[in-house]
Every structure is written in C-alpha cells, then in structure tokens.
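Summary of the model geometry
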2 protein chains.
Amino acid sequence: MATSEDGQADVVVVGAGVIGLAVGWRLQGAGLSTVVVDPDPGGGASHVAAGMLAPVGELAYGEEELLALGIDSARRWPAFAEEVAAASDLPVGYVAAGTLHVAADAGDYAYLEDLWRFHGSLGLDSTLLSTRECREREPLLAPGVRGGFFAAGDHQVDNRLLLAALAEAVRRSGAALVRHSVAGIDVAGDRATGVTLDDGRTITAGHVVLAAGWRSGTLAGLPPGAVPPVRPVKGQLLRLESAASGLALRQTLRGLVNGRPVYLVPRASGELLLGATSEEMPATDASRSGAVRILLDDALRVFPAVDETSFVASEAAMRPGSPDNRPLIGPAGLDGLVLATGHYRGGILLAPMTADLVAGCLVSGATAVPSIPASCSPGRFAERPFSKDEATSRRRPPVTERS
Amino acid sequence: MATSEDGQADVVVVGAGVIGLAVGWRLQGAGLSTVVVDPDPGGGASHVAAGMLAPVGELAYGEEELLALGIDSARRWPAFAEEVAAASDLPVGYVAAGTLHVAADAGDYAYLEDLWRFHGSLGLDSTLLSTRECREREPLLAPGVRGGFFAAGDHQVDNRLLLAALAEAVRRSGAALVRHSVAGIDVAGDRATGVTLDDGRTITAGHVVLAAGWRSGTLAGLPPGAVPPVRPVKGQLLRLESAASGLALRQTLRGLVNGRPVYLVPRASGELLLGATSEEMPATDASRSGAVRILLDDALRVFPAVDETSFVASEAAMRPGSPDNRPLIGPAGLDGLVLATGHYRGGILLAPMTADLVAGCLVSGATAVPSIPASCSPGRFAERPFSKDEATSRRRPPVTERS
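Just so we're clear, the structure is a prediction, and the values are computed from it rather than from any experiment.

Re the overall build of chain A
- A count of helical and extended segments in chain A gives ten helices and 20 strands.
- For 403 residues, the compact-globule estimate of 2.2 N^0.38 gives 22 Å, and chain A sits close to it at 21 Å.
- Across its three principal axes, chain A shows a C-alpha extent of roughly 65 × 40 × 40 Å.
- Each of the 403 residues in chain A was classed as buried or not, and the buried ones make up 57%.
- Residue pairs at least 24 apart in sequence account for 74% of intrachain contacts in chain A once pairs closer than 6 positions are excluded.
- For chain A, the computed accessible surface area is about 15000 Å², with 53% contributed by carbon and sulfur atoms.
- Between the averaged position of the 35 positive side-chain charges in chain A and that of its 45 negative side-chain charges there is a distance of 2 Å.

The structure is reproduced here in structure tokens:
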C-alpha cells in the first residue's frame with residue numbers, strides 16, 4: 001500500500017488481468033516490491049474467458065510451437081491452482097476432467113479425424129471416439145453428431161474465481177493493486193523508468209512489466225519498435241444457466257459445426273459458458289447480435305438442450321494477438337521493459353508459465369534463471385535480435401541487469 | 001404523501017405498471033385521493049414491452065372484440081401522450097409512423113394477404129404492398145421477403161419514457177406512490193376495504209383497484225370467484241442497439257416467418273427492440289436461450305442488418321392473460337374491488353381507455369359515466385352476471401355506490 005503512495009517500487013506491472021495478477025504475485029513473493037496497476041483488476045479478456053486449459057483442443061495446424069508452450073503451462077496448472085487457493089483461502093474451480101470434441105456432421109468428422117491423426121503424430125493424449133462412444137460420455141448430444149475425440153488432459157478452471165483468488169493473493173503478498181489507468185510509460189535515457197497514472201502521479205520502478213493485453217502496444221511513451229505489434233481480436237461468449245433445465249453437461253464439450261468451432265463449458269454452479277468468436281475487428285466491448293445468433297445456432301447442432309437453458313448475458317472482450325498468435329514474454333526492445341502479453345486465446349492456460357518466466361527474468365539471485373523459449377521471446381519480431389542490441393548498443397540486457 | 005402514512009385514501013391501486021400508473025393519475029386528477037402501491041413501479045411486463053400501439057397489427061381471427069377495444073384506445077393515444085408529457089414535463093416518445101408487415105416467403109405472404117382481406121372486411125386502414133413497394137418503404141429488407149401490408153394507424157410509444165413520465169405525473173398530481181408489495185386485499189363484510197402491505201401496515205380505502213398484472217388473481221384475501229382467472233404468459237424481447245451499425249430501420253417492421261410473428265421496433269435513440277415470444281409457462285423472469293435463438297434467426301429472415309446490431313440484453317416478463325385474452329376492466333365480484341388487468345399483449349395500447357373507464361366507474365358526480373363495454377367487463381366470466389348480483393344480493397353496485 002505504501003508503495004503506491006510513495007510512487008516507488010522494484011517492479012510496476014501494467015495490467016491486472018490473469019497475466020498481470022499472476023506475474024505481480026510471483027514477483028512480490030520472490031522478494032521484489034511490486035505495484036500492479038489497472039483501472040479494472042480482473043476485467044477484460046480474462047473476465048470474459050471460459051477458463052479452458054486446453055492445449056490439445058486449441059491446437060491448429062502449424063501452431064506446434066504454441067502447443068509446446070501450452071503443454072508446458074498445463075503441467076504447471078495443478079500446483080499453481082493449489083498455490084493460489086492456499087495463498088488466498090479462496091477456491092479457483094480447477095476441474096481435471098477432460099474435454100469431449102464432437103463433429104456436427106460427416107464433413108466435420110473428417111476434419112476431426114485428421115486432427116486426431118495429427119495429435120497421434122505429436123504424441124498427444126487424444127482418443128478417437130465413435131458416435132456411440134461420444135453419446136456414452138454425453139447422453140444428450142444431438143442426433144446428428146458424428147463421432148469425435150476425447151482429450152483427457154484438457155481441463156478447466158473457473159476464470160472468475162481464479163481472478164478473485166489471484167487478486168486476494170496479490171493483496172496478501174504485500175504487493176499493491178492500484179486502480180488507475182496508466183497514461184504512459186516513462187522513459188529516461190533509453191530506459192523505462194516507471195509509469196505515469198491518469199491522475200498525473202508517477203510510479204518509478206527498476207522494471208516495468210507490460211501485461212496490458214491488447215492495449216500493450218498503444219501506451220504513450222513507448223519508442224517505436226519497443227513492443228511488437230499486438231492487435232485486438234474480439235471474443236464473444238454467452239453466459240447461460242443450466243441449473244433450472246436439469247439438462248446439464250457432464251464435461252466440457254467442443255463441437256465443430258460446418259467447420260466452425262463452438263464450445264460449452266459447464267460449471268459446478270450450473271453456469272454454462274458458450275463460446276466463442278474470434279473476430280478481427282476494431283476494439284469494442286459491445287456484443288454483436290450476429291455472433292449471439294451463430295453461437296446459439298451452432299451449439300444447438302451438438303447439444304440441443306442449450307435451448308432450455310436460461311440466457312444470462314452476452315459478453316465480449318478483445319484478446320491480445322501477436323503477429324504469430326504466440327505470446328510475447330520477456331525483455332522488450334527497451335531497457336527496463338519486460339513484456340507479458342500477446343496471449344491471444346490462451347491467457348488463462350499460459351498464466352503459470354508466464355509468471356514463472358517473467359520472475360526468472362527479474363528476480364535477482366534466482367538459483368535457476370529459466371531462459372525464455374525463443375518461441376515466445378519478443379525478440380523474434382525485432383529487426384535486429386534484441387540480444388544483439390543488448391550486447392552492443394545503448395540497451396542493457398534486462399534479463400541480467402539486476403543480478 | 002401524507003395519505004400513505006395515514007393509511008387512508010379514497011382509492012388504493014395495486015400495481016404501478018402502465019395500467020396502475022395511468023389509472024392512479026386519472027383518479028387523483030379527478031379529485032379522489034389515491035395511493036398506488038408497487039415494490040417496483042414501472043417494472044414488469046410494462047417495462048419489457050416494445051410500446052407498439054398496433055390494434056391492426058395485433059389482430060387475430062376471432063378477436064374482433066379485442067380489435068374494437070384497441071381501436072378505441074388508439075384514438076385516445078395522441079391526446080393522452082400530450083397530456084402525460086405536459087403533466088410531467090417529460091417526453092413519452094410517441095411516434096405516429098405506421099407499421100410495415102412483411103412475409104418471409106410465399107407461404108407467409110398467403111397468410112398476410114388473407115389477413116389484409118380480413119382488414120378490408122372490417123374497414124381497417126391497411127394497404128397491400130408488393131415486394132417492390134415493401135422495399136421502397138424499407139430498403140434493407142432481406143432478399144427473400146415476399147410482399148406484405150402497411151398499417152398506417154399502428155404507431156409506437158417509448159414504453160420506458162412513458163413509464164417514467166407517468167410516474168412523475170402521478171407524483172405531481174398529489175397521489176402517493178408506495179414502494180411496497182401488497183401482502184393481501186382486506187375484506188370486511190363482503191367488501192374490499194383496502195390492502196395490507198408486506199410490512200404489516202394497512203391502507204384503508206373506499207375502493208381497491210387491482211392492476212397487478214398476472215399476479216392479480218393470486219393476492220391473498222380475495223374470495224373465490226371475485227377475480228376471473230388471470231394466467232401468466234411469458235414474453236421475451238431483445239434489446240439491441242443499431243446506432244453503431246448505421247443500418248437503421250425507418251419504421252416498425254413486423255415479419256411473419258414460417259408462420260411465426262417477429263417484430264423490430266426502432267427508437268430515435270438508436271435502440272432497436274426485437275420481440276417477442278408468447279409462451280404459456282410457469283412465471284419466470286429468466287430468458288430462455290432457445291427464444292433468443294429463434295428471435296434472432298427469424299429477424300434475420302426479414303432484416304439481415306440485425307446481425308450487425310449490438311446485442312444489449314434479453315429480457316422477459318409475464319403478461320396477464322384472461323381466458324379470452326381480453327382485458328378485465330370494471331367492477332369485480334366483490335364490492336369495493338375494481339379490476340384493471342388481463343391486458344395480455346396490449347397493456348400499453350389499452351392504458352388510456354382503461355384509465356378512462358376505471359375513472360368513470362369511481363368518480364362521483366362525473367357528468368358522463370361511461371359504461372364498461374361488455375367485451376372487457378369482468379362480469380362476462382361470472383357464473384351469474386355481476387350486475388344481477390349487484391342489484392339483488394349482498395353486493396352493492398360499485399359503479400354507483402360513491403355517487
């Protein structure tokens with residue numbers, strides 16, 4: 001608390017979505033005085049997410065590097081969930097049930113079968129299922145469903161419980177959570193020195209961690225090229241309530257419908273999340289009626305009981321997408337600035353790994369500083385590699401400067 | 001104000017939807033001290049409505065008597081709107097543009113053409129339109145639309161502006177608006193003597209007007225048979241926003257899609273209302289996902305730009321339906337009790353007429369007491385006519401007892 005009044009900290013984290021909260025908690029816990037700044041902690045894309053921890057289910061052809069990051073982070077999830085729950089005395093709703101993928105028709109099945117073969121070639125845990133086997137796992141599937149596969153390792157967490165627990169863990173750790181917007185990154189002598197808030201106050205810090213989601217590239221004060229492009233990708237999701245209908249799903253269900261993916265994530269509370277679009281469009285939190293329509297139409301094709309759920313709300317948020325849809329984690333093209341953004345559809349899944357990697361960058365005296373995998377290092381988009389810059393030019397290497 | 005504290009009034013009105021507010025305002029304005037009781041004034045079905053004033057558009061075969069009531073009330077609307085606006089210094093959003101009805105396909109057109117002939121047989125203002133003529137009135141109609149008709153006299157009011165203005169008019173008139181639930185109707189000596197509130201207070205009154213919507217038959221204390229059956233009929237409506245899309249409707253549009261009616265009501269503000277279901281089911285304010293889906297699907301069939309609107313919310317409320325779907329206005333089967341309920345889909349349209357009729361029942365010394373049309377008199381459901389009862393039995397005639 002005093003930290004925010006003083007305007008001084010070892011690290012200031014811009015953004016308190018799941019990434020900013022997880023990073024801030026890890027840094028403070030590692031002994032760095034940390035301030036996390038966000039006008040709406042736990043909001044944005046993290047709040048609208050469904051909380052699927054699904055590296056296999058999210059796999060697309062050509063995205064094997066993202067898969068590897070997802071699998072790495074998924075392995076950290078059970079311990080991370082326990083640790084957050086213990087630190088906050090709050091539940092996070094981690095459920096280690098698998099995910100059932102089904103095809104709405106024969107054409108969709110052909111695609112899923114190919115994808116399952118691809119899983120096999122990569123050694124992933126994925127079981128091909130006949131129509132009958134799908135129905136045994138989920139009796140209320142639509143009559144037209146044509147087989148699918150089961151990904152036993154694709155779990156879920158209740159993202160809203162998680163965000164509340166993480167925020168509490170941050171508070172208990174002694175880090176400050178400041179409810180303000182960041183007006184700009186302060187730079188002096190080719191180095192990030194802190195942030196200026198929307199009320200004019202400044203927070204000076206040894207390092208600035210940029211975890212501001214899709215806005216990460218838009219902050220004032222950033223030199224050109226310091227942050228690779230981050231674009232907003234709209235995701236829209238429906239919040240339904242299945243308790244009244246008595247027709248609940250047993251597990252997370254993902255459908256492929258005329259080539260369009262749709263998912264239904266049941267919560268123990270009776271809440272049912274139906275998502276999600278990925279729309280490349282100008283940033284807006286408004287829901288598009290056409291997206292509501294298509295989500296409901298597609299969900300009906302795999303799970304007709306969705307019609308009998310209560311409709312609570314349609315919500316939308318902008319995800320942060322990098323040019324290759326992989327995250328940007330680690331030193332940026334400006335000394336003192338570390339990125340933790342660009343997580344696209346995988347912010348919840350990738351949070352434990354991201355927090356560990358950022359802590360590895362910044363914590364002095366860490367016994368084993370993990371190196372940032374090249375697949376998520378921001379330097380992959382630099383005109384000249386950041387590491388070369390760091391060794392030869394005005395920029396000092398942020399990874400090691402505090403050690 | 002003093003009235004509610006005293007627990008004494010000439011009339012207590014149970015319910016502050018559009019009917020209760022209009023009645024209360026009229027009664028107080030006519031010199032009767034009036035208390036209107038509702039835990040949520042301006043809520044319920046009146047709040048969720050779209051505000052169509054559409055006696056022609058709502059016409060169904062066999063409902064000519066309801067049509068006559070609607071036409072009567074529609075004629076009162078221009079003066080009523082002006083009067084409410086003047087009394088409250090608030091806008092009510094009355095728009096005297098007509099309503100375009102279109103058919104989604106040839107089958108739907110056959111039905112609309114028949115309906116138009118029926119209009120002609122009743123002398124209604126309704127113009128048959130070719131596909132081209134429909135498109136001239138509304139250029140963004142779906143390619144599949146097949147003709148329709150235009151009802152020039154079917155107008156609209158912004159129901160939420162109206163409710164706010166009516167509540168203000170009630171306050172300015174000197175009537176009391178009490179934000180409580182009514183626990184029961186008080187009856188003494190075969191006569192309604194007032195109401196007991198949920199906090200135990202009582203309000204005694206010369207007359208009780210029951211304007212409690214679908215709950216009108218459920219209040220404690222009512223003798224069997226005093227109020228004809230009133231059932232809840234769920235209506236679900238979507239609130240959209242077309243301002244951002246720039247693709248606005250010019251007028252209220254009603255579509256017939258595979259025999260299902262759907263409407264789109266544009267507001268000057270950019271708001272677009274999409275409705276509405278009529279579902280006979282247990283009372284609930286929860287929206288059903290299947291209804292959201294069908295409303296969006298059907299609207300798309302006549303006006304594709306609906307996909308580009310912003311989705312704000314799905315809302316539902318229970319309408320009050322009598323056994324023949326016509327309202328229940330006038331003396332009930334209990335002395336001192338007057339009904340103003342059962343307005344089903346027509347509460348907004350029928351409010352001016354209802355207020356005038358109830359005032360005619362209760363205002364002493366009225367120069368011309370209007371008789372209650374038989375088509376909406378509650379007595380039509382009595383085992384023996386109320387009028388006979390009134391003349392011959394324990395019940396005094398409420399219409400005249402105060403004169």
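Don't stop here, the text continues.
Brief notes about the nonpolar core
- In this structure, Leu274 of chain A together with Leu274 of chain B are the most contacted members of the largest nonpolar core, which totals 54 residues.
- Leave out the neighbours within four places in its chain, and Leu274 of chain A touches Leu237, Leu238, Leu240, Val262, Tyr263, Leu264, Leu295, Leu296, Ala299 and Val306 of chain A.

What about the interface of chain B and chain A?
- In this assembly, 18 residues from chain B lie in contact with 18 residues from chain A.
- Broken down residue by residue, the surface that chain B buries against chain A is led by Ser289, Arg293 and Phe311 of chain B, which jointly contribute 39%.
- Counting the contacts that link chain B with chain A gives four salt bridges.
- The salt bridge partner of Glu308 of chain A is Arg288 of chain B, with a shortest N-O separation of 3.1 Å.
- Applying the counting criterion to the chain B and chain A interface returns twelve residue pairs in polar contact (both at pLDDT 80 or more).

Some words on the side chain of Asp297 of chain A
- Locating Asp297 of chain A in the fold gives a position in helix α8 (residues 289-302).
- Beyond its immediate stretch of four places on either side in the chain, Asp297 of chain A contacts Arg293 and Asp297 of chain B.

A closer look at the pattern of salt bridges
Residues and elements named next belong to chain B.
- Tallying each qualifying case throughout the model produces 52 salt bridges over all chains.
- Close ionic contact of Glu58 with Arg254 constitutes a salt bridge, the shortest N to O distance being 3.1 Å. Here the residue Glu58 occupies a position in the loop between β3 (52-53) and α4 (64-88), and Arg254 occupies one in strand β13 (residues 252-257), the gap between them amounting to 196 residues.
- A relative accessible area of 26% means that Glu58 is categorised as partly exposed.

A word on unusual backbone geometry
Residues and elements named next belong to chain A.
- The peptide bond linking Gly275 to Ala276 adopts the cis configuration, its omega dihedral lying at -15 degrees.
- One can find Ala276 in the loop between β15 (271-275) and β16 (279-280).
- One non-glycine residue, Asp89, adopts positive backbone phi at about 55 degrees.
- Its location among the elements puts Asp89 in the loop between α4 (64-88) and β4 (99-103).
- Although it is not a glycine, Asp190 sits at a positive phi angle of roughly 60 degrees.
- Within the element layout of this structure, Asp190 appears in the loop between β9 (182-188) and β10 (191-197).

Thoughts on the domain arrangement of chain A
Residue and element names in this part refer to chain A.
- Domain assignment breaks chain A into domain 1 (4-47 + 161-230 + 323-393) and domain 2 (99-152 + 232-320).
- Between the C-alpha centres of domain 1 and domain 2 there is a distance of 32 Å.
- Every contact between the two is made by eleven residues of domain 1 and, on the other side, eleven residues of domain 2.
- Of the roughly 960 Å² buried at the junction of domain 1 and domain 2 (both faces included), carbon and sulfur atoms supply 61%.

What about the packing of aromatic side chains?
All names here are of chain B.
- What the rule picks out here adds up to eleven aromatic pairs over all chains.
- For the pair Trp25 and Phe80, a centre-to-centre distance of 6.0 Å together with 70 degrees between the ring planes defines the contact as edge-to-face. Of this pair, Trp25 sits in helix α2 (residues 18-29) while Phe80 sits in helix α4; the two residues are 55 residues apart in sequence, bridging distant segments of the chain. In this structure, Trp25 and Phe80 share a single accessibility class: buried.

Concerning the pairing of strand β1 (residues 8-14) of chain A
Residues and elements named next belong to chain A.
- The buried fraction of β1 amounts to five of the seven residues, a majority that puts the element mostly inside the structure.
- Pairing between β1 and strand β11 (residues 202-210): six bridges, direction parallel. Within β11, the position partnered with Val14 by the bridge is Leu210.
- With helix α2 (residues 18-29) bridging β1 and the parallel strand β2 (residues 34-37), this β-α-β connection has right-handed handedness.

Some remarks on the relation of the copies chain B and chain A
- Overlaying chain B on chain A yields an RMSD of 0.0 Å, the required transformation being a rotation through 180 degrees with an accompanying axial translation of 0.1 Å. In symmetry terms, the pair is related by a two-fold rotation axis. If distances are taken from each C-alpha of chain B to the rotation axis, the shortest is found for Arg293 of chain B, at 2.9 Å.
- An overlap of 100% is found between the interface residues of chain B and their copies at the interface of chain A, pointing to a shared contact surface.

As for empty space enclosed by the protein
Residue and element names in this part refer to chain B.
- Under the criterion given, the structure shown has one cavity of 30 Å³ or more.
- The computed volume of the largest cavity comes to approximately 30 Å³.
- Lining the largest cavity, in full, are Arg254, Pro261, Val262, Tyr263, Gly275, Ala276 and Arg345.
- If you tally residues by element for the lining of the largest cavity, the top one is strand β14 (residues 260-266), at three residues.

A short note on the side chain of Glu271 of chain A
All names here are of chain A.
- With respect to the helices and strands, the residue Glu271 is situated in strand β15.
- Engagement of the side chain of Glu271 in a polar contact is seen with the side chain of Arg239, the distance being 3.1 Å.
- In this structure Glu271 touches Arg239, Leu240, Glu241, Val265 and Pro266, once residues within four positions along its chain are discounted.

Regarding the pairing of β2 of chain A
Residue and element names in this part refer to chain A.
- Residue alternation in β2 divides its side chains into two sets, Thr34 and Val36 and Val35 and Val37, and both sets are buried.
- Relative to β2, β1 runs parallel, the two being bridged by four bridges. Across the sheet, Val12 pairs through a bridge with Val35, a residue of β2.
- The pairing of β2 with strand β8 (residues 176-178) spans three bridges and is parallel. Its bridge partner being in β8, Val36 is matched across the sheet by Leu177.

A look at helix α8 (residues 289-302) of chain B
Residues and elements named next belong to chain B.
- Helix length check: α8, at 14 residues, gives a terminal C-alpha distance of 21 Å against a target of 20 Å (1.5 Å per residue), a fit within 8%.
- Most of α8 sits out of view: eleven of its 14 residues are buried.
- Those residues of α8 that sit buried are Ser289, Gly290, Ala291, Val292, Arg293, Leu295, Leu296, Asp297, Asp298, Ala299 and Val302.

Procedures and definitions
Residues numbered from 1 in each chain as written. Chains lettered and ligands numbered in written order. Predicted model: local features only at pLDDT ≥ 70, side-chain atom pairs only at ≥ 80, totals over all residues. Heavy atoms only, no water. Helix = DSSP H or I, 4+ residues; strand = E, 2+ residues; numbered from the N terminus. Rg over C-alpha atoms; globule rule 2.2 N^0.38 Å. Buried < 20%, exposed > 50% of the residue type's maximum accessible area, 1.4 Å probe, protein only. Contact = heavy atoms within 4.5 Å. Areas by Shrake-Rupley, 256 points an atom, 1.4 Å probe, with all protein chains shown as cover. Lys, Arg positive; Asp, Glu negative; His and termini not counted. Charge placed at Lys NZ, Arg CZ, Asp CG, Glu CD. Core = buried A, V, L, I, M, F, W, Y, C linked by side-chain atoms within 4.5 Å. Buried area = accessible area lost by both parts, 1.4 Å probe. Salt bridge = Lys/Arg side-chain N within 4 Å of Asp/Glu carboxyl O. Polar contact = N/O pair within 3.5 Å; in protein donor to acceptor, adjacent residues only side chain to side chain. Domains from an automatic or database assignment. Phe/Tyr/Trp six-rings, centres within 6.5 Å; stacked < 30°, edge-to-face > 60°. Pairing = 2+ DSSP bridges. Right-handed = clockwise from strand over helix to strand, strands pointing away. Least-squares fit on C-alpha atoms with pLDDT ≥ 70 in both. 1 Å grid on protein atoms, 1.4 Å probe; cavity = no way out; pocket = protein on both sides within 12 Å on 5 of 7 lines; lining within 4 Å. Points joined across faces, edges and corners; volume = space filled by probe spheres on them. Expected span 1.5 Å × (residues − 1).

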